[in-house]
Amino acid sequence: TMSHWWVDIVNSNGIPAKFVQVWTIPRYCVEPIPWSQRKQGVIFCGTMYPRRAAFFDVMRDCGVDVEVVPVQPTFQDYLELLSTSKAVIRSDKIDWVINTGKGDYRVTDFNALWQRDIECAARGCFSLREIDVEGPLWGIDRIPTIVTFKDADDAAQRAKDILALTDEEGDKAANIAVNE
């Protein structure tokens, strides 16, 4: 599985599992569109749950408008959207309960997969997402376009920092990310 946390849960139930890090296929890692030519600032592409709307309201109140874009019909369309955006943001942190076979387990730490962020990096797009313990295990610290945040206020500040990059700074970060 692509999560150390899930490997531990599965192994604790007597089922052999191991961590597999997934990276983007090289053909999807393309020369980034110049920072100055990216049409969208900070976008969100997904289902707009009330918790996400509230999160983006806080960001708007902090001075950052998140553009909600429709889910793309194909993976290639999604990749093209990433190529023309400066940043994508997600807000996925919620508590949830799973039954591990040994009873209910409340998940209070964010344990999402980092593949979507790696896809953003492969297109020179910044990815803003909640911080979690899996990030360092994926080696995301070597990719400058993957930026983590603690809450909506922190996300807004980090988005402002990204949008304030000069063309040279944006191009440099995008090129490092694509080539990583």
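From a predicted model like this one, the values you see are computed outputs, not experimental measurements. Position labels on residues start from 1 in each chain and follow its written sequence. Only residues with pLDDT of 70 or above have their local features reported here, since the model is predicted, and side-chain atom pairs are shown and tallied only from 80 upward, although totals for entire chains, interfaces and linings are computed over all residues. As a rule here, side-chain values come from all non-hydrogen atoms in the structure, and water together with hydrogens is ignored.

What to know about the overall build of the protein chain
Here's step 1: Within the protein chain, the secondary structure is distributed over seven helices and seven strands.
Here's step 2: Starting at the N terminus, helices and strands are each numbered in turn, a helix being any DSSP run of H or I of at least four residues and a strand any DSSP run of E of at least two. Going from the N terminus to the C terminus, the protein chain shows its helices and strands as α-β-α-β-α-β-β-β-α-β-α-β-α-α.
Here's step 3: Here the radius of gyration uses the C-alpha set of atoms, whereas the globule reference equals 2.2 Å times the residue count to the power 0.38. The C-alpha radius of gyration computed for the protein chain amounts to 17 Å, which stays within 12% of the reference 16 Å derived for 180 residues, consistent with globular compactness.
Here's step 4: Each of the three principal axes of the protein chain carries a C-alpha extent, and together these read 55 × 40 × 30 Å.
Here's step 5: Here the protein chain holds 180 residues, and the buried ones make up 44% of them.
Here's step 6: Whether two residues are in contact is decided by their heavy atoms: any pair within 4.5 Å suffices. A separation threshold of at least 6 residues defines the contact pool for the protein chain, and within that pool the share at least 24 residues apart is 68%.
Here's step 7: Looking at the protein chain as shown, the accessible area adds up to about 9400 Å², and 53% of this sits on carbon and sulfur atoms.
Here's step 8: When charges are counted, Lys and Arg are positive and Asp and Glu negative, with His and the chain ends excluded. Just so you know, the charge point we use is NZ for Lys, CZ for Arg, CG for Asp and CD for Glu. Looking at charge distribution, the protein chain has the averaged site of its 20 positive side-chain charges lying 3 Å from that of its 27 negative ones. Here the term buried applies to any residue with accessible area under 20% of the maximum for its type, exposed to any over 50%, and partly exposed to those in between, with areas from a 1.4 Å probe on protein chains only. Reported accessibility uses the Shrake-Rupley method at a 1.4 Å probe radius. Residues are deemed covered only where the shown protein chains occlude them.

As for the packing of aromatic side chains
Here's step 1: By convention, a stacked pair of Phe, Tyr or Trp rings (six-membered ring in the case of Trp) has centres within 6.5 Å and planes under 30 degrees apart, an edge-to-face pair has planes over 60 apart, and any other such pair is tilted. Under the defined criterion, the tally for this structure stands at six aromatic pairs.
Here's step 2: Considering the side-chain rings of Phe 19 and Trp 138, the 5.8 Å spacing of their centres and the 80 degrees angle between planes classify their relative orientation as edge-to-face. Highlighted residues: Phe 19 in the loop between α1 (4-12) and β1 (40-45) and Trp 138 in helix α5 (residues 134-138), separated in sequence by 119 residues.
Here's step 3: Residue Trp 138 is classed as buried on the basis of its relative accessible area, which comes to 1%.
Here's step 4: With 5.2 Å between their ring centres and 55 degrees between their planes, Phe 44 and Phe 56 make a pair best called tilted. With Phe 44 in strand β1 and Phe 56 in helix α2 (residues 50-61), this residue pair connects regions lying 12 residues apart in the sequence. In terms of burial, Phe 44 and Phe 56 fall into one category: buried.
Here's step 5: Sitting over the face of the ring of Trp 114, Arg 129 holds its NZ or CZ atom 3.5 Å from the ring centroid. Sitting over a ring, as applied to charges here, requires NZ of Lys or CZ of Arg to be within 6 Å of the ring centre and within 35 degrees of the ring normal.

Focus on the environment of Ile 162
Here's step 1: As for its placement among the helices and strands, Ile 162 is situated in helix α6 (residues 152-163).
Here's step 2: Along the backbone, Ile 162 and Phe 126 are 36 residues apart, and their C-alpha atoms lie at a distance of 7.9 Å.
Here's step 3: Residues contacting Ile 162, with those up to four places away along its chain left out, are Trp 35, Lys 86, Ala 87, Phe 126, Leu 128 and Val 147.

Digging into the sheet that holds strand β2 (residues 67-69)
Here's step 1: The strand order across the open sheet built from five strands is β2-β1-β3-β6-β7, with neighbouring strands paired in parallel fashion. Among the strands making up the open sheet, the edge pair consists of β2 and β7 (146-149). Taking each pair of neighbouring strands and ignoring which way they run, the sheet shows an average axis angle of 30 degrees.
Here's step 2: The pairing of β1 with strand β3 (residues 85-89) spans three bridges and is parallel. Considered in β3, the bridge of Val 42 is made with Ala 87.
Here's step 3: Under this scheme, a helix contributes an axis fitted over its contacting stretch, all axes are lines through C-alpha atoms, and angles between N-to-C directions fall in the 0 to 180 degree range. Along the sheet, helix α3 (residues 75-83) contacts β1, β2 and β3; its crossing angle with β3, the most-contacted strand, is approximately 115 degrees.
Here's step 4: Along the sheet, α6 makes contact with β1, β3, β6 (126-130) and β7, crossing β7 at roughly 150 degrees. Criterion used throughout: strands pair if DSSP finds at least two bridges between them.

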